[in-house]
Amino acid sequence: MVIRQIQSFCYEKNDIINLSPAFYQTVLRNSIQSLFIEVSKMFDISKRAEGIHRLLLDIQSNIDKFDKRQFSPVFFTELTDRRAEARKMGSLEEYVNYSLEEINRNSNIIEAVKAQRDQYYAHKDSDVKDLESFFEENKVTYEAFQKLLILNTNLNNGLYYYFVNNTTVAPLALGYDDLEKTIHFAEKGVRARKKELLRED
């Protein structure tokens, strides 16, 4: 959300952004890098991984140790929307199988994110000679990232609902709009400065 807000304000409030261009460029660059690295971790399946994909695989391999009770986890459709839909699951095994199928449906996006993380953001790969072609081959849109983030939210929520007394956690992006407030105060400062300059004239 921070990345989207800065990009939006670069067009809508260019004069304000240009008051501190190095600051916003640094925040934007570091936010994008962190996004690729952290989202990759969510769907990493290495033995040392601690993301949702690894957790689901571990539960699947030990499914006989868990209760076979029904439960109805909540699924969100948007990161910025509190509306959600409850879906009945016959057992934890059914939920895990459903979750792994959802991850598999998004495997192309996940692999593109991992490729950018491994070959560009985490460390520069000397084998990548043509960056334009590399990014085109491993293209990840904002909408694709949103899809992965809501998927991660829903899959974690399902397990949370099962293990922690039918508890649901809303997406973290809800109500996250503090950059607009910052821009608002910056605009006030610019207007006040203009008035001060007019008085000096």
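Residues numbered from 1 in each chain as written. Predicted model: local features only at pLDDT ≥ 70, side-chain atom pairs only at ≥ 80, totals over all residues. Heavy atoms only, no water.

With respect to the nonpolar core
So, step 1. Formed by 30 residues in total, the largest nonpolar core has its most connected members in F43, L56, L92, I103, V113 and V140.
So, step 2. Every residue in contact with V140, bar those within four places of it in the chain, is listed here: F36, I109, A112, V113, Q116 and F145. (Core = buried A, V, L, I, M, F, W, Y, C linked by side-chain atoms within 4.5 Å. Buried < 20%, exposed > 50% of the residue type's maximum accessible area, 1.4 Å probe, protein only. Contact = heavy atoms within 4.5 Å.)

Considerations on the side chain of N157
So, step 1. On the secondary structure map, N157 appears in helix α8 (residues 142-163).
So, step 2. A relative accessible area of 4% places N157 in the buried class.
So, step 3. The residues contacting N157, other than those within four sequence positions of it, are V74, F76, T167, T168 and V169. (Helix = DSSP H or I, 4+ residues; strand = E, 2+ residues; numbered from the N terminus.)

What to know about a nonpolar patch on the surface
So, step 1. On the surface, a cluster of nonpolar side chains totalling about 320 Å² of accessible area is made up of Y160, F163, V164 and V169.
So, step 2. Among the structural elements, V164 can be located in the loop between α8 and α9 (178-200).
So, step 3. Looking at V164, the relative accessible area reads 31%, which means it is partly exposed. (Patch = residues over 30% accessible without salt bridge, like charges linked within 9 Å, V, L, I, M, F, W, Y side chains within 5 Å. Areas by Shrake-Rupley, 256 points an atom, 1.4 Å probe, with all protein chains shown as cover. Salt bridge = Lys/Arg side-chain N within 4 Å of Asp/Glu carboxyl O.)

With respect to the packing of helix α4 (residues 52-61) against α8
So, step 1. Close contact between α4 and α8 brings their axes to 10 Å; oriented N to C, the two are set at 40 degrees. Accordingly, the angle class assigned to the pair α4 and α8 is oblique. The element α4 and its partner α8 pack so that their crossing is left-handed. In contact with I52, L55, L56 and I59 of α4, α8 contributes N152, L155, N156, L159 and F163.
So, step 2. Along the lines of polarity and charge, the residues of the contact of α4 with α8 split into seven nonpolar, two polar and no charged. (Axes fitted to C-alpha atoms, helices over the stretch in contact; angles between N-to-C directions. Parallel < 35°, antiparallel > 145°, perpendicular 65-115°, else oblique. Left-handed = near helix turned anticlockwise from the far one by under 90°. Nonpolar A, V, L, I, M, F, W, Y, C, P; charged D, E, K, R; others polar.)

Some points on the confidence of the model for the protein chain
So, step 1. Averaged over the protein chain, the pLDDT score is 80; the fraction of residues at 70 or greater is 76%.
So, step 2. Looking at the elements of the protein chain, mean pLDDT is at its lowest for helix α1 (residues 2-12), recorded as 61, and at its highest for helix α5 (residues 92-105), recorded as 95. (pLDDT = per-residue confidence, 0-100.)

Brief notes about the packing of aromatic side chains
So, step 1. Across all of its chains, the model carries ten aromatic pairs by this definition.
So, step 2. Ring centres of F71 and Y95 lie 5.7 Å apart, and the angle between their planes is 65 degrees; this geometry places the pair in the edge-to-face category. Note that F71 is positioned in the loop between α4 and β1 (74-76) and Y95 in helix α5, a separation of 24 residues in sequence.
So, step 3. Since its relative accessible area comes to 4%, F71 is described here as buried.
So, step 4. Ring geometry for Y162 versus F163: centroids 4.8 Å apart, planes at 85 degrees, classification edge-to-face. (Phe/Tyr/Trp six-rings, centres within 6.5 Å; stacked < 30°, edge-to-face > 60°.)

Concerning helix α3 (residues 21-42)
So, step 1. Its 22 residues give α3 an end-to-end C-alpha distance of 32 Å, which sits within 8% of 32 Å, the value for a rise of 1.5 Å per residue.
So, step 2. Burial in α3 covers these residues: Y24, L28, F36, V39, S40 and M42. Viewed along the axis of α3, the buried residues span an arc of 160 degrees, placing them on a single side of the element. In this structure, α3 carries A22 and F23 as exposed residues pointing more than 90 degrees from its buried face. (Expected span 1.5 Å × (residues − 1). Arc of directions from axis to C-beta.)

Comments concerning α4
Residues lying three or four places apart along an α-helix face the same way, a consequence of the helix completing one turn every 3.6 residues.
So, step 1. Three or more residues of α4 are buried, namely I52, H53, R54, L56 and I59.
So, step 2. Turning to α4, the residues buried within the fold contact α3, α5 and α8.

Description of a negative patch on the surface
So, step 1. Together, D130, E132, E136 and E137 make up a negatively charged patch on the protein surface.
So, step 2. For D130, the location among the structural elements is in the loop between α6 (107-121) and α7 (131-137). (Lys, Arg positive; Asp, Glu negative; His and termini not counted. Charge placed at Lys NZ, Arg CZ, Asp CG, Glu CD.)

Regarding the pattern of salt bridges
So, step 1. Applying the stated criterion across every chain yields a total of seven salt bridges.
So, step 2. Among the ionic pairs, E38 bridges to K41, the shortest N-O distance being 3.4 Å. Taken together, the residues E38 and K41, both in helix α3 and three residues apart, mark about one turn of the helix.
So, step 3. Classification of E38 as partly exposed rests on a relative accessible area of 41%.
So, step 4. Salt-bridge contacts for R54 lead to D58; the nearest nitrogen and oxygen are separated by 3.0 Å. Placement of the pair is R54 and D58 together in helix α4, with a separation of four residues, close to one helical turn.

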